[in-house]
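# Remarks on the overall topology
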Amino acid sequence: MILVLIGYMASGKSTLGRILANKLNYDFIDLDDYIEEKEQVSVSDIFKSKGEIYFRKKETLYLKELLDDKTKLVLSLGGGTPCYSNNMDALKNTSKAKSVYLKASIPTLVARLKNEKSKRPLIAHIETDELLTEFIGKHLFERTQFYSLSDVTITTDNKKEEDIIEELVLQLF
Ligand SMILES: Nc1ncnc2c1ncn2[C@@H]1O[C@H](COP(=O)(O)OP(=O)(O)OP(=O)(O)O)[C@@H](O)[C@H]1O
Ligand SMILES: O=C(O)C1=C[C@@H](O)[C@@H](O)[C@H](O)C1
Ligand SMILES: [Mg+2]
């Protein structure tokens, strides 16, 4: 089984993925970290030097590699992974994978992202909280159609990490 965590930037994929893997005694991989390790360069630098399209090709390549090769894995995707190529089809077409959408509201995401923009190339240039709110609102609206294809959706606003994990395990097994 591969449990795949999906959601917008700062929805908690990496944080919750680590906790979930530990609880289940599964391996944990964060797709952004995996890409950085394989390419020996940071995601931000890939965006800068090679561009987003190059990044998206690598993201799809490594997602498929992991889906083929791994089992007993919690895999946290990048925020955009479900929205490009046929990545969501690849997830839905393997009985090995179960996907979970970690749903967070715009205010929650803005509060988390406003002080953590620099490592996230798509929002690093946005100067004010108002502009960040507007950007996330539109971006999340475009992306929700892909995120919502997940097998399970968990709302995460104002919930403690351990409570989200408990809910998630109940829904998955
Ligand atoms: N349930 C929660 N309650 C409060 N804070 C949380 C919760 N889940 C995550 N956070 C905090 O939100 C921030 C973003 O979380 P995290 O890095 O796990 O998101 P992500 O989905 O992996 O983001 P990205 O797509 O950019 O990698 C972190 O500072 C984390 O501690
Ligand atoms: O939301 C996105 O499109 C991204 C999120 C990050 O996880 C990284 O994968 C990258 O910064 C792109
Ligand atoms: Mg992450």
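As the structure is a prediction and not an experimental result, all values here were calculated from the model.

The buried fraction of strand β4 (residues 97–103) amounts to 5 of the 7 residues, a majority that puts the element mostly inside the structure. Sheet topology note: the strand β1 (residues 2–6)/β4 ladder contains 5 bridges and is parallel. The residue bridging Leu5 from the neighbouring strand is Val100, located in β4. Here 4 bridges tie β4 to strand β5 (residues 152–155), and the two strands are oriented parallel to one another. Considered in β5, the bridge of Tyr101 is made with Thr153.

So, on to the site of ligand 2. Neighbouring ligand 2 are Met9, Asp32, Val43, Gly78, Gly79, Gly80, Arg120, Pro121 and Leu122. The class makeup of the residues in the shell around ligand 2 is 4 nonpolar, 3 polar and 2 charged.

For the rest of this paragraph, the subject is the site of ligand 1. Surveying the vicinity of ligand 1 reveals 18 residues, the closest of which are Met9, Gly12, Lys13, Ser14 and Thr15. Mapped by element, the contributors of at least two residues to the shell around ligand 1 are α1 (13–24) and α8 (161–172). Tallying contributions element by element places α1 first for the shell around ligand 1, with 3 residues. Within the shell around ligand 1, the residues separate by chemical class into 3 nonpolar, 9 polar and 6 charged.

Right, let's talk about the environment of Ser85 for a bit. Structurally, Ser85 can be placed in the loop between β3 (73–76) and α5 (87–92). Taking the C-alpha atoms as reference points, Ser85 and Glu59, separated by 26 residues in sequence, lie 9.5 Å from one another. Residue contacts for Ser85: discarding those within four places in its chain leaves Arg56 and Thr60.

What follows deals with the UniProt feature "binding site: ATP" (unreviewed entry) in the chain. Using the residue numbers shown here, the UniProt feature "binding site: ATP" (unreviewed entry) corresponds to Ala10, Ser11, Gly12, Lys13, Ser14, Thr15 and Arg120. Position of Ala10 relative to the elements: it lies in the loop between β1 and α1. The class of Ala10 is buried, set by 22 C-beta atoms lying within 10 Å. Residues contacting Ala10, with those up to four places away along its chain left out, are Leu109, Arg112, Leu113 and Glu116.

Here is what the cut-offs are and how they apply
Residues numbered from 1 in each chain as written. Chains lettered and ligands numbered in written order. Predicted model: local features only at pLDDT ≥ 70, side-chain atom pairs only at ≥ 80, totals over all residues. Buried ≥ 20, exposed ≤ 12 C-beta atoms within 10 Å, placed from the backbone. Helix = DSSP H or I, 4+ residues; strand = E, 2+ residues; numbered from the N terminus. Pairing = 2+ DSSP bridges. Near = placed C-beta within 6 Å. Nonpolar A, V, L, I, M, F, W, Y, C, P; charged D, E, K, R; others polar. Contact = placed C-beta atoms within 7 Å. UniProt positions renumbered as here; feature names shortened; annotations may be inferred.

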